[in-house]
Amino acid sequence: MEKAVTTIRVAGNDNDDFCADTAATVIRSKKPVLTFIHLDQPDGVGHAIGHRTPEYYAELKRVDTRIGKIADAVKDAGIAAETIIIVTADHGGKGKGHGGKSLDEVQIP
């Protein structure tokens, strides 16, 4: 049986639910040996409203739900024992931006 390798990224801040749902479907049906999933949030909220705001933390809860859907799909597919899930961010933020040298900006949440 040929093993699948998938990359799932749907650009735009309004597409993270679609991306997580698509990833879950692919994981359940294809049982890929490697999958890369890129979620845009909470970066969009950080830039639009601000990092460390109530809206930012509310978006983190939605991100957690999306990651939970993906983890559930791994369990449902029967591949949890052979799967490693790595969750990381590319940067932190301060105010509505990032790119400086403060700990809030360079430390990955």
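Described in the following lines is the structure provided in the data block. All figures in this text were calculated on a predicted structure; none of them were measured in a lab.

## So, helix 1 (residues 16-30)
An α-helix turns once every 3.6 residues. As a result, residues three or four positions apart point the same way.
Thought 1: With 15 residues, helix 1 should reach 21 Å at 1.5 Å per residue; the first-to-last C-alpha distance of 20 Å fits that figure.
Thought 2: Taken from the residues just after helix 1, Lys31 is the one with a positive phi, measuring 50 degrees.

## Looking at the nonpolar core
Thought 1: In this structure, Ala20, Ala23, Ala24, Ile27, Ile70, Ala73, Val74, Ala77 and Ile79 together form the largest nonpolar core, which totals nine residues.
Thought 2: Counting only elements with at least two residues in this core, the list comes to helix 1 and helix 3 (54-76).

## Some remarks on unusual backbone geometry
Thought 1: Cis geometry is adopted by the peptide bond preceding Pro42, which originates at Gln41 and carries an omega value of 15 degrees.
Thought 2: Within the element layout of this structure, Pro42 appears in the loop between strand 2 (34-38) and helix 2 (43-48).
Thought 3: The phi torsion at Lys31 lies on the positive side, around 50 degrees, for a residue other than glycine.
Thought 4: On the secondary structure map, Lys31 appears in the loop between helix 1 and strand 2.
Thought 5: On the basis of relative accessibility, which here comes to 39%, the residue Lys31 falls in the partly exposed class.

## Considerations on the packing of aromatic side chains
Thought 1: Under the criterion given, the structure shown has one aromatic pair.
Thought 2: Ring geometry for Tyr56 and Tyr57: centres 5.9 Å apart, planes at 85 degrees, overall edge-to-face.

## Quick notes on the environment of Ala58
Thought 1: Along the polypeptide, Ala58 turns up in helix 3.
Thought 2: Separated by 13 residues in the primary sequence, Ala58 and Val45 place their C-alpha atoms 9.7 Å from one another.

## A short note on the side chain of Asp16
Thought 1: Inspection of the secondary structure assignment puts Asp16 in helix 1.
Thought 2: One buried charge, Asp16, has no salt-bridge partner; the nearest side chain with opposite charge is Arg66, at 4.0 Å.
Thought 3: Residues in contact with Asp16, not counting those within four places in the same chain, are Leu39, Asp40, Gln41 and Arg66.

Here is what the cut-offs are and how they apply
- Residues numbered from 1 in each chain as written.
- Predicted model: local features only at pLDDT ≥ 70, side-chain atom pairs only at ≥ 80, totals over all residues.
- Heavy atoms only, no water.
- Helix = DSSP H or I, 4+ residues; strand = E, 2+ residues; numbered from the N terminus.
- Expected span 1.5 Å × (residues − 1).
- Core = buried A, V, L, I, M, F, W, Y, C linked by side-chain atoms within 4.5 Å.
- Buried < 20%, exposed > 50% of the residue type's maximum accessible area, 1.4 Å probe, protein only.
- Phe/Tyr/Trp six-rings, centres within 6.5 Å; stacked < 30°, edge-to-face > 60°.
- Lys, Arg positive; Asp, Glu negative; His and termini not counted.
- Salt bridge = Lys/Arg side-chain N within 4 Å of Asp/Glu carboxyl O.
- Contact = heavy atoms within 4.5 Å.

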